[in-house]
Amino acid sequence: MLRVSTLKSVYIFLLILPFGIIAGQSQKKNKPNVIFIVVDDLRPELGVYGNTIIKTPNIDKLARRGTTFTNAYCQVAVCAPSRASALTGLRPDSTKVWVLGEEFRKIHPDVVTIPQQFEKFNYHTVSIGKIFHNHMPDSISFREPDLRPAGYAVKNMIDRDPESFYFSGELKEELAAKRLERLAKDPKRYGNGWAYGRSVEVANCPDDSLYDGAQTSLALQTISRIKNKNKPFFLALGYFRPHLPFVAPKKYWDLYDPMEIPMADNSFIPFNAPSMA
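None of the values given here were measured: they were computed from a predicted structure. (Residues numbered from 1 in each chain as written. Predicted model: local features only at pLDDT ≥ 70, side-chain atom pairs only at ≥ 80, totals over all residues. Heavy atoms only, no water.)

1. Points about empty space enclosed by the protein
Evaluation of the coordinates by the stated rule reveals two cavities of 30 Å³ or more. Estimates place the volume of the largest cavity at around 140 Å³. In terms of lining residues, the largest cavity is bounded by 17 residues, among which Gly129, His133, His135, Asp146 and Arg148 are the most central. The residue makeup of the lining of the largest cavity, split by class, is eight nonpolar, five polar and four charged. (1 Å grid on protein atoms, 1.4 Å probe; cavity = no way out; pocket = protein on both sides within 12 Å on 5 of 7 lines; lining within 4 Å. Points joined across faces, edges and corners; volume = space filled by probe spheres on them. Nonpolar A, V, L, I, M, F, W, Y, C, P; charged D, E, K, R; others polar.)

2. Observations regarding the pattern of salt bridges
Evaluated as defined, the whole model comprises 14 salt bridges. The salt bridge involving Arg148 is made with Asp146; its shortest N-O contact spans 3.2 Å. Classification of Arg148 as buried rests on a relative accessible area of 17%. Its relative accessible area of 25% is what places Asp146 among the partly exposed residues. For the salt bridge of Asp254 with Lys250, the shortest nitrogen-to-oxygen distance reads 2.8 Å. Within the structure, one salt-bridge network assembled from shared partners comprises Asp40, Arg83, Lys130 and Glu163. (Salt bridge = Lys/Arg side-chain N within 4 Å of Asp/Glu carboxyl O. Buried < 20%, exposed > 50% of the residue type's maximum accessible area, 1.4 Å probe, protein only.)

3. Focus: the layout of surface pockets
It is a probe the size of a water molecule, rolled over the atoms, that shows where empty space is left. Of the volumes computed, that of the second largest pocket is approximately 300 Å³. Around the second largest pocket, the lining residues are Arg43, Glu45, Asn51, Thr52, Ile53, Ile54, Ile261, Pro262, Met263, Ala264, Asp265 and Asn266. Counted by class, the lining of the second largest pocket contains six nonpolar, three polar and three charged residues.

4. So, helix 8 (residues 211-226)
With 16 residues, helix 8 extends 22 Å from end C-alpha to end C-alpha; this agrees with the ideal 22 Å at 1.5 Å per step. Residues Tyr211, Asp212, Gly213, Ala214, Gln215, Leu218, Ala219, Thr222, Ile223 and Ile226 constitute the buried set of helix 8. Summarising the contacts, the buried residues of helix 8 are in contact with strand 5 (34-39), strand 7 (124-129), strand 8 (144-147) and strand 10 (233-239). (Helix = DSSP H or I, 4+ residues; strand = E, 2+ residues; numbered from the N terminus. Expected span 1.5 Å × (residues − 1). Contact = heavy atoms within 4.5 Å.)

5. Some points on the side chain of Gln116
For Gln116, the location among the structural elements is in helix 5 (residues 114-120). A polar contact of 3.0 Å, which involves the side chain of Gln116, links it to the side chain of Arg105. In contact with Gln116, not counting residues within four places along its chain, are Arg105, Val111, Ile140 and Ser141. (Polar contact = N/O pair within 3.5 Å; in protein donor to acceptor, adjacent residues only side chain to side chain.)

6. Describing the pairing of strand 11 (residues 246-249)
The alternating pattern of strand 11 places Val247 and Pro249 on a buried face and Phe246 and Ala248 on a face that is not buried. By the bridge criterion, four bridges tie strand 9 (residues 200-203) to strand 11 in an arrangement that is parallel. What sits directly across from Val202, in strand 11, is Ala248. (Pairing = 2+ DSSP bridges.)

7. Focus on the side chain of Glu163
Locating Glu163 in the fold gives a position in the loop between helix 6 (155-158) and helix 7 (169-185). When its relative accessible area of 2% is taken as the criterion, Glu163 is described as buried. Reaching out from Glu163, the side chain makes a polar contact with the side chain of Asn134 at a distance of 3.2 Å. Beyond its immediate stretch of four places on either side in the chain, Glu163 contacts Asp40, Lys130, Asn134, Tyr196, Phe240, Arg241, His243, Leu244 and Pro245.

Everything listed here is a matter of coordinates, which is why it stays silent on function.
Structure follows, in structure tokens:
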């Protein structure tokens, strides 16, 4: 779903696919700065889409000042193909990216992506987090590709999917032991054996103690650093949550009473749906 909002001289574009968001400020000879925010596995279960249970005040506030599109579709129910399609403007039939491990750049080395198009118009391009997919920073698309929060820009962290990060030391040790078991059975296990551990963690910690919170802090620092350049910027920020496992600070879990959250009314298998679906 796509939303566009204007706040005085600030242009905000929100893109929610199986994954997405976008924002910016008018500067540098009337060229807007752009912040492209991608949110992984976020459904439109938000206040702006009529959900009265889920608390999303900031997205709702932004949407009230813009346009909300309610008739948009994901072309493939898998992350990497959807991202390759959205960021190149090509359909999956053209990109030939169908599964998580396929890299669009190897299939189409000369394709022009959204950030490359901004680069053509003298933008400074930066990426933080999950944009194309894990381990696919695409240095061709960005002047500053794959910036990471301090403490995570080391080899043993770069080789991991941030979906595998927990806060509790006990959960971290449990996942590390489980990973070794998985690799013993299959050395080529997806995600180097890190995916996945426990489905849920209620972490008693501040936002920036978790990867996405740390990314937000890094994004704010980066904007402060690049906003005064003699050219506008395109900053892509990719959040890993709410992708499984559901790891979040306790204060967010405390917003809800599980007994008041209704179950889905469509728990059935669609008629004639293939088993793979």
